[in-house]
Amino acid sequence: MAVYRHQQGRAIRVSDTILETEGLTKEFRGFVAVSDVTLKIRRGSIHGLIGPNGAGKTTCFNLLTKFLPPTRGSIRYDGRDITGMKPAEVARLGLVRSFQISAVFPHLSVLENVRVALQRQRGGSFDFWRSDSLLRQYDDRAMALLDDVGLTGYSALTAGELPYGRKRALEIATTLALDPTMLLLDEPTAGMAHEDVDRIVALVKRVSAGRTVLLVEHNLKVVSGLCDTITVLARGSVLAEGDYNSVARNPDVIAAYLGTEAHTVSEGVPVHG
Ligand SMILES: Nc1ncnc2c1ncn2[C@@H]1O[C@H](COP(=O)(O)OP(=O)(O)OP(=O)(O)O)[C@@H](O)[C@H]1O
Ligand SMILES: [Mg+2]
């Protein structure tokens, strides 16, 4: 299927693959954390990256968003080789990872947190606390983003006072403020209670409209509910790839999970379907 991007009134045909790695490898002093990983992520999909603890998922994210330089291999995003780029450059191209909770300013209000993220996106300076009037122009957009993530009623609350699940929603709102084309989420439901998990699943579904999402997630119920395609990593290498049912039935995948952390399987839907 051809995919088009509209630019200056013209429709430009773009590749169906938005992100592609070849032979991506990361070694830490001789230890191979990510080994020869070749990934192809389809534009508009929700792609899951799963695997036992220590499989290399977060390291992959760090490589893709340029927080770590690869030892070997290449990364292409939206038709460009981004292997040598800096994190801010790839973020400007629309490849954005969700910020960690630690990046939420706990003493600012929920609304102010999103405002700051919006101002950053417009390339504003960091002396935001001195230019309150300038920030007000972002209020409407910030409120719309809070509405998107179900935080309208929390806008005046200090971010530090938000319950955990809502903090993750705020984190996603500040990420959306950067207007990502492709969003990388690392364990968005980690440590959450059931009702929060359901809310985050609905949220990821909603924000994935018109975007590509790469999702690292241990909760297999979340993975099966959200992901079109799943890549399974184990010990740094790609073990299997396909839709949920095919990877969940794959004997190598079952062995990798059972061998290292059987609890992950029991937390999600049964691997044997
Ligand atoms: N900066 C580093 N220096 C040395 N080793 C590292 C570094 N970062 C990660 N590792 C190692 O690389 C391996 C992969 O780690 P990574 O965090 O990518 O795994 P993960 O799949 O995200 O695991 P989890 O599911 O527990 O989050 C682990 O063995 C880890 O100890
Ligand atoms: Mg991790």
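In what follows, the structure referred to is the one given above.
Quick summary incoming for the structure in this document. Everything numeric in this text was worked out from a predicted model, so none of it was measured.

Section: the overall build of the protein
- When helices and strands are counted, the protein shows eleven helices and twelve strands.
- Of all 273 residues assigned to the protein, the portion counted as buried reaches 38%.
- Excluding contacts between residues fewer than 6 apart, the proportion of contacts in the protein whose partners are at least 24 apart in sequence is 64%.

Observations concerning the sheet that holds strand S12 (residues 237-242)
- Within the open sheet, the six strands sit side by side as S8-S9-S10-S5-S11-S12. Their pairing is mixed. On the outer flanks of this sheet lie strand S8 (95-97) and S12, each paired with one strand and no other. Taking each pair of neighbouring strands and ignoring which way they run, the sheet shows an average axis angle of 20°.

Side note on the site of ligand 1
- All residues in the neighbourhood of ligand 1 are listed as Phe28, Phe31, Ala33, Gly51, Asn53, Gly54, Ala55, Gly56, Lys57, Thr58 and Thr59.
- For the shell around ligand 1, the elements supplying multiple residues, two or more each, are strand S4 (31-42) and helix H1 (57-64).
- Of the residues forming the shell around ligand 1, the biggest block, three residues, is contributed by H1.
- Here the shell around ligand 1 is composed, by residue class, of four nonpolar, six polar and one charged.

Topic: the packing of helix H3 (residues 110-121) against helix H5 (residues 139-148)
- Following both chains from N to C, one finds H3 and H5 inclined at 115°, their axes separated by 9 Å at the closest point. Taken together, the axes of H3 and H5 are roughly perpendicular relative to one another. Note that H3 runs across H5; the crossing there is right-handed. In this structure, H3 uses Val110, Leu111, Val114, Arg115 and Leu118 to contact H5, whose residues at the interface are Asp139, Arg141, Ala142, Leu145 and Leu146.
- Taken together, the residues of the contact of H3 with H5 break down into seven nonpolar, no polar and three charged.

Side note on H3
- For H3, which comprises twelve residues, the first-to-last C-alpha distance of 17 Å matches the rise-based estimate of 16 Å (1.5 Å per residue) to within 8%.
- Those residues of H3 lying buried are Val110, Leu111, Glu112, Asn113, Val114, Arg115, Val116, Ala117, Leu118 and Gln119.

Comments concerning the sheet that holds strand S3 (residues 17-28)
- Taking strand neighbours across the sheet as the criterion, the four strands line up as S4-S3-S6-S7 in an open arrangement whose pairing is antiparallel. Each edge of the sheet is formed by a strand with only one pairing partner; in this case those strands are S4 and strand S7 (80-81).
- Pairing between strand S6 (residues 72-77) and S7: two bridges, direction antiparallel. By the bridge assignment for S7, Tyr77 is matched with Arg80.
- Contacts from H1 reach S3, S4 and S6 within the one sheet, and its direction differs from that of S4 by about 65°.

Looking at helix H7 (residues 194-207)
- Its 14 residues place the ends of H7 20 Å apart at the C-alpha level, agreeing with the 20 Å of an ideal helix rising 1.5 Å per residue.
- Listing the buried residues of H7 in full gives Ile200, Val204 and Val207. Axial view of H7: buried residues confined to an arc of 75°, hence all on one face. Exposed residues on H7 whose side chains face more than 90 degrees from its buried face are His194, Glu195 and Arg206.

A short note on the pairing of strand S5 (residues 46-50)
- Counted residue by residue, S5 has five buried out of five residues, so it is predominantly covered.
- Across the two faces of S5 the burial is the same, with Ile46, Gly48 and Ile50 and His47 and Leu49 all buried.
- In this structure, S5 lies alongside strand S10 (residues 212-216), joined through four bridges in parallel fashion. Across the sheet, Gly48 pairs through a bridge with Leu215, a residue of S10.
- Two elements, S5 and strand S11 (residues 229-234), share four bridges in a ladder whose sense is parallel. What sits directly across from Leu49, in S11, is Thr231.

Topic: the nonpolar core
- Of all hydrophobic cores here, the largest spans 69 residues; its most connected members are Val114, Leu146, Ala173 and Leu215.
- Ranked by residue count, the leading element in this core is H3, at six residues.
- Taken domain by domain, the makeup of this core includes at least three residues from each of domain 1 (13-94 + 180-268) and domain 2 (104-179).
- Setting aside chain neighbours within four positions, we find Val114 in contact with Ala142, Leu145, Leu146, Ala173, Thr174 and Ala177.

Concerning the pairing of S11
- For S11, the tally of buried residues reaches five of six residues, placing the bulk of the element in the interior.
- Of the pairings in the sheet, the one linking S11 to S12 comprises five bridges and is antiparallel in character. Among the inter-strand pairings, Ala234 is bridged to a residue of S12, identified as Ser237.
- Here S11 folds back onto S12 in antiparallel fashion, the turn holding two residues, of which Arg235 has a positive phi close to 45°.

Conventions we followed
- Residues numbered from 1 in each chain as written.
- Chains lettered and ligands numbered in written order.
- Predicted model: local features only at pLDDT ≥ 70, side-chain atom pairs only at ≥ 80, totals over all residues.
- Helix = DSSP H or I, 4+ residues; strand = E, 2+ residues; numbered from the N terminus.
- Buried ≥ 20, exposed ≤ 12 C-beta atoms within 10 Å, placed from the backbone.
- Contact = placed C-beta atoms within 7 Å.
- Pairing = 2+ DSSP bridges.
- Axes fitted to C-alpha atoms, helices over the stretch in contact; angles between N-to-C directions.
- Near = placed C-beta within 6 Å.
- Nonpolar A, V, L, I, M, F, W, Y, C, P; charged D, E, K, R; others polar.
- Parallel < 35°, antiparallel > 145°, perpendicular 65-115°, else oblique.
- Left-handed = near helix turned anticlockwise from the far one by under 90°.
- Expected span 1.5 Å × (residues − 1).
- Arc of directions from axis to C-beta.
- Core = buried A, V, L, I, M, F, W, Y, C linked by C-beta atoms within 7 Å.
- Domains from an automatic or database assignment.

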